[in-house]
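Working through the structure, step by step
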Amino acid sequence: MGFSINKVHEHFVGAIEGIDLKSSLSNSDIRKLNHALDEFGVLVFRNQILTNEQQIKFSEAFGNIELAVGGNVTKEKDRRLSLEIADVSNLDKDGKIFARNDRRRMFNLGNRLWHSDSSYRKIPAKCSLLSCHSKPSSGGNTEFAFMPAAYDALDDKIKKEIEELVTEHSLIYSRGLLGFSEFTNEERETFKPVLQALVRKNETTDRKSIYLSAHIGTIVGWEMPEARDFIRELTEHATSRDFVYAHEWSIGDLVVWDNRQCMHRVRPFKDTGEPRDMRRTTIAGQEETTKQTN
Ligand code: OGA
Ligand code: MN
């Protein structure tokens, strides 16, 4: 397929035109898309109304689906969507909007903090694909921050200081930032912290990223307050407006982002009043970040 890619931000984000995500892709299309993800970090596709099955099929162009287990507090019997899809809507299994005090809503508010998907997993996600099926009348943009550009802008002293650092990530830490701290014993076990490298390198572009996420709770070998202060400073730098693209959704948009190279967050909207039906497929990563060599 002769699709084209237009860069829409100074540093990253490719808008892809001339592709129908329902049709089957050649190996060369798949290579080109994966290469574009390495280079642009975020890929935007407009006017693609897909069924869940079609989204899953297209997602497999990027690798193997990571199932939505161990990443939320929704019981399997209460799921609206199959395990191949992370339900990031504000809807329950009957399509009703979560009540204001619903525990799942409280937990999902964590998506408003800058994060990288599944950084709380031992092998974190490669990329995510999010489709818009309904949207609120205002708010609810998703913002993306490009970590290679943020890394490049660090001064050499900081680059050296962070090169070998290892961080601890957990959903308990990110939810704790919003004061969500009541977890069952089973959840505590599932959400046990994992280790991640703070600096990652993209093998295709050779560019380094700061691997940040709201899931970070400390740095190995550091006292927690010092670690959190340091991570907060880095995050503030990495999410300054120069490195951020805000996606304003239309129904039928599908956005793919590279979790190895980007952070993202959803902006506020009146989530107790209007449905926002967003469905995410996630592609599994291949190895532990602490085993990668820069
Ligand atoms: C996600 C997420 C963003 C959004 O899908 O991983 O963080 O816009 N949500 O809902
Ligand atoms: Mn996310």
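Please refer to the structure higher up on the page.
What comes next is a walk through the structure. (Residues numbered from 1 in each chain as written. Chains lettered and ligands numbered in written order. Predicted model: local features only at pLDDT ≥ 70, side-chain atom pairs only at ≥ 80, totals over all residues. Heavy atoms only, no water.)

Another aspect to go through is the environment of Ala68. As for its position among the elements, Ala68 is in the loop between α2 (52–59) and β4 (86–87). For the pair Ala68 and Ser82, spaced 14 residues apart in sequence, the C-alpha separation works out to 8.5 Å. Setting aside residues up to four positions removed in sequence, Ala68 forms contacts with Arg79, Leu83, Ile85 and Ala86. (Helix = DSSP H or I, 4+ residues; strand = E, 2+ residues; numbered from the N terminus. Contact = heavy atoms within 4.5 Å.)

As a further point, take the site of ligand 1. The environment of ligand 1 is formed by Val88, Asn111, His115, Asp117, Leu130, Thr142, Trp257, His264, Val266, Arg276 and Arg280. One nitrogen or oxygen atom from the side chain of His115 is found 3.1 Å from an oxygen atom belonging to ligand 1. One nitrogen or oxygen atom from the side chain of Arg276 is found 2.7 Å from an oxygen atom belonging to ligand 1. Here ligand 1 loses 99% of its free accessible area of 290 Å² to cover by the protein chains. Partitioned by chemical class, the residues of the shell around ligand 1 number 4 nonpolar, 4 polar and 3 charged. (Near = heavy atom within 4 Å. Polar contact = N/O pair within 3.5 Å; in protein donor to acceptor, adjacent residues only side chain to side chain. Areas by Shrake-Rupley, 256 points an atom, 1.4 Å probe, with all protein chains shown as cover. Nonpolar A, V, L, I, M, F, W, Y, C, P; charged D, E, K, R; others polar.)

Attention shifts here to the coordination of the manganese ion (ligand 2). Donor atoms from the polypeptide that coordinate the manganese ion (ligand 2) comprise His115 (NE2), Asp117 (OD) and His264 (NE2), at 2.1 to 2.2 Å from the metal. Positions of the donor residues of the manganese ion (ligand 2) along the chain correspond to the pattern H-x1-D-x146-H. Judged on exposure class, the residue His115 and its partner Asp117 are both buried. (Donors = N, O, S within 2.8 Å, 3.2 Å for Na, K, Ca; no water. Buried < 20%, exposed > 50% of the residue type's maximum accessible area, 1.4 Å probe, protein only.)

Let us look at the nonpolar core. Counting 37 residues, the largest nonpolar core has Phe12, Val42, Ile162, Leu198, Ile210, Leu212 and Leu234 as the members making the most contacts within it. Apart from residues no more than four positions distant in its own chain, Leu198 is found in contact with Ile162, Leu165, Thr167, Ser209, Ile210, Tyr211, Leu212, Ile231 and Leu234. Of all hydrophobic cores here, the second largest spans 24 residues; its members include Phe3, Ile16, Cys127 and Val256. (Core = buried A, V, L, I, M, F, W, Y, C linked by side-chain atoms within 4.5 Å.)

On inspection of all chains with the given rule, the structure shows 24 salt bridges. A salt bridge links Lys77 to Asp78, with the shortest nitrogen-to-oxygen separation between them at 3.4 Å. As a salt-bridge pair, Glu163 and Lys208 come within 3.2 Å of each other at their nearest N and O atoms. Within this pair, whereas Glu163 is found in the loop between α5 (156–162) and β7 (166–169), its partner Lys208 is found in strand β10 (residues 208–210), the two being separated by 45 residues in sequence. Residue Glu163 shares its accessibility class with Lys208, and that shared class is buried. What emerges from the salt-bridge pattern is a single network uniting Arg80, Asp87, Asp277 and Arg279. (Salt bridge = Lys/Arg side-chain N within 4 Å of Asp/Glu carboxyl O.)

The next subject is the sheet that holds strand β8 (residues 194–197). Working definition: the strands of a sheet are paired by backbone hydrogen bonds and lie parallel or antiparallel to each other. Reading across from one edge, β8-β7-β11 is the order of the 3 strands in this open sheet, with antiparallel pairing throughout. Whereas interior strands pair on both sides, the edge strands pair on one side only; in this sheet they are β8 and β11 (216–219). With direction set aside, neighbouring strand axes in the sheet form an average angle of 35 degrees. Of the strand pairs in this sheet, β7 and β11 are connected by 3 bridges, and their pairing is antiparallel. Looking across to β11, one finds that Glu168 is bridged to Thr218. Against the sheet, helix α8 (residues 224–238) engages β7 and β11, with an angle of about 115 degrees to β11. (Pairing = 2+ DSSP bridges. Axes fitted to C-alpha atoms, helices over the stretch in contact; angles between N-to-C directions.)

Let us look at the side chain of Asp258. Looking at where Asp258 falls in the secondary structure, it is placed in strand β13 (residues 254–258). Asp258 gets classed as buried once you look at its relative accessible area, which sits at 0%. Side-chain polar atoms of Asp258 contact the side chain of Arg260, separated by 2.9 Å. In this view, Asp258 contacts Leu37, Asp38, Gly41, Lys126, Cys127 and Asn202; residues no more than four positions away in its chain are not counted.

A cluster of acidic side chains, namely Glu161, Glu223, Glu226, Asp229, Glu233 and Glu236, defines a negative patch on the protein surface. At 4 residues, the largest contribution of residues to the negative patch is made by α8. Tracing the backbone shows Glu233 in helix α8. The partly exposed category is assigned to Glu233, whose relative accessible area is 49%. (Patch = residues over 30% accessible without salt bridge, like charges linked within 9 Å, V, L, I, M, F, W, Y side chains within 5 Å. Lys, Arg positive; Asp, Glu negative; His and termini not counted. Charge placed at Lys NZ, Arg CZ, Asp CG, Glu CD.)

Overall, antiparallel pairing links the 3 strands, which are arranged β12-β6-β14 in an open sheet. Each edge of the sheet is formed by a strand with only one pairing partner; in this case those strands are β12 (244–247) and β14 (262–266). Shown here is a sheet whose adjacent strand axes are inclined to one another by a mean of 20 degrees, direction ignored. Direction of pairing for strand β6 (residues 142–146) relative to β14: antiparallel, over a ladder of 5 bridges. Counted as the bridge partner of Ala145 is Met263 from β14.

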